[in-house]
Amino acid sequence: MAATPVKSFAEIERQFFGYVRSIVYATMVTVDSRSRPRARVLLPVWELVDGRPVGWLAVHRTPVKAAHLARNPHTTYAYWSPRQNAVFVDSVTTWAEDPEVKRYAWELYREGSPEGVGYDPIRYWPGGPEDPGYHVLRIDPWRVQVVRGTDLRSHIWTGEPARTAG
C-alpha cells in the first residue's frame with residue numbers, strides 16, 4: 001500500500017504523538033565513515049515548534065555517536081509496537097551546546113513531552129543540567145511517516161528541517 005503524503009504536520013500530529021506516547025523508545029540510526037548504519041535504542045522527547053515536530057535527546061557523548069554525527073548529521077528514529085503501529089523520523093540531529101537549551105531539554109524530560117514520555121535525568125546525570133557528562137541532541141525532522149498497524153495505512157509529512165546543522 002502506498003503512503004499518502006500530507007501537506008502539513010498537523011494532519012498527522014495526533015497520530016505521531018499518540019504512537020510516540022504508547023511506544024516511548026526509538027531506535028536511532030546513524031551512519032559511519034564507511035556508510036554502514038549503526039542503531040541504538042534511546043528515548044527522545046518531542047514538542048511542537050511553529051507547527052513542526054522538534055525532538056530532544058539526552059545522551060552520553062560517546063566517541064562513536066560523536067564521530068558519526070560530525071561526519072553526517074542525518075539520522076533516522078524508528079518507533080515500532082507489536083500492534084505494528086510505527087513512526088519513522090528522518091532528521092538532522094545536532095549537538096545543543098547552549099546551557100539554557102540543555103536546561104530546557106532537562107525540564108522536558110522531567111515533565112514528559114509528550115505526557116508520559118521522559119524520565120528524571122538526575123538518575124543518569126547526578127550533577128543536574130550542568131553535569132559534564134550530560135549532553136543534548138536536537139532533532140529536526142524533514143520527513144515523518146506514521147503507519148497504522150491494523151491496515152498498514154501510512155501518511156508521510158515532508159519539510160525542510162527547521163534549522164540546519166552547524
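Notes on the structure follow. Per-chain numbering applies: the sequence of each chain, read as written, is numbered from 1 onward. For this predicted model, a pLDDT threshold of at least 70 governs which residues receive local features, and a threshold of 80 or more governs which side-chain atom pairs are given and counted, while totals over whole chains, interfaces and linings are taken from all residues. By convention in this description, side-chain values take in all heavy atoms of the structure and omit both hydrogens and water.

### Side note on the overall build of the chain
- Counting from the N terminus, the helices are the DSSP runs of H or I reaching at least four residues and the strands are the DSSP runs of E reaching at least two. Of regular secondary structure, the chain possesses three helices and nine strands.
- The secondary structure elements of the chain, listed N-terminal to C-terminal, are β-α-β-β-β-β-α-β-β-α-β-β.
- Over its C-alpha trace the chain gives a radius of gyration of 16 Å, about what one expects of a compact globule, namely 15 Å for 166 residues.
- Reported as C-alpha extents along the three principal axes, the dimensions of the chain are approximately 45 × 40 × 30 Å.
- Burial classes: relative accessible area under 20% of the type maximum marks a residue as buried, over 50% as exposed, and values in between as partly exposed (1.4 Å probe, protein chains only). Buried positions account for 50% of the 166 residues belonging to the chain.
- Within the chain, residue pairs in contact and separated by at least 24 positions form 67% of the contacts whose partners lie at least 6 positions apart.
- In these tables, accessible area is a Shrake-Rupley quantity obtained with a 1.4 Å probe, and a residue counts as shielded only by the protein chains included in the view. Roughly 8,700 Å² of accessible area belongs to the chain as shown, and the carbon and sulfur atoms make up 53% of that amount.
- In the chain, 21 side chains carry a positive charge and 18 a negative one; their mean positions are 8 Å apart. Here the globule rule reads 2.2 Å times residues to the power 0.38, and the radius of gyration is calculated from C-alpha atoms. Two residues form a contact once any of their heavy atoms are found within 4.5 Å. Counted as positive: Lys and Arg. Counted as negative: Asp and Glu, with His and the chain ends omitted from the count. Note on charges: their place is set at NZ of Lys, CZ of Arg, CG of Asp or CD of Glu.

### Observations concerning unusual backbone geometry
- Note the cis peptide between S113 and P114, where omega equals 0 degrees.
- Positive phi, normally seen in glycine, also occurs at S35, with a value near 65 degrees.
- Mapped onto the secondary structure, S35 falls in the loop between β2 (26-31) and β3 (37-42).

### Brief notes about the packing of aromatic side chains
- In summary, the pairing rule links any two rings of Phe, Tyr or Trp, Trp by its six-membered ring, whose centres are within 6.5 Å, and it sorts them by plane angle into stacked for under 30 degrees, edge-to-face for over 60 and tilted for everything else. Applying the stated criterion across every chain, the model contains 10 aromatic pairs.
- Ring plane angle 80 degrees and centroid distance 5.0 Å describe the contact between F16 and F17, whose orientation is recorded as edge-to-face. Grouping residues by exposure puts F16 and F17 together as buried.
- Judged by centre distance (5.0 Å) and plane angle (85 degrees), the rings of W106 and Y134 are edge-to-face. Here W106 is found in helix α3 (residues 99-111), whereas its partner Y134 is found in the loop between α3 and β8 (135-147), with 28 residues between them in sequence.
- In textbook terms, an aromatic cluster arises when at least three aromatic residues are bridged by ring pairs, as seen for W106, Y109, Y119, Y124, W125 and Y134.

All we've got here are geometric facts, nothing functional implied.
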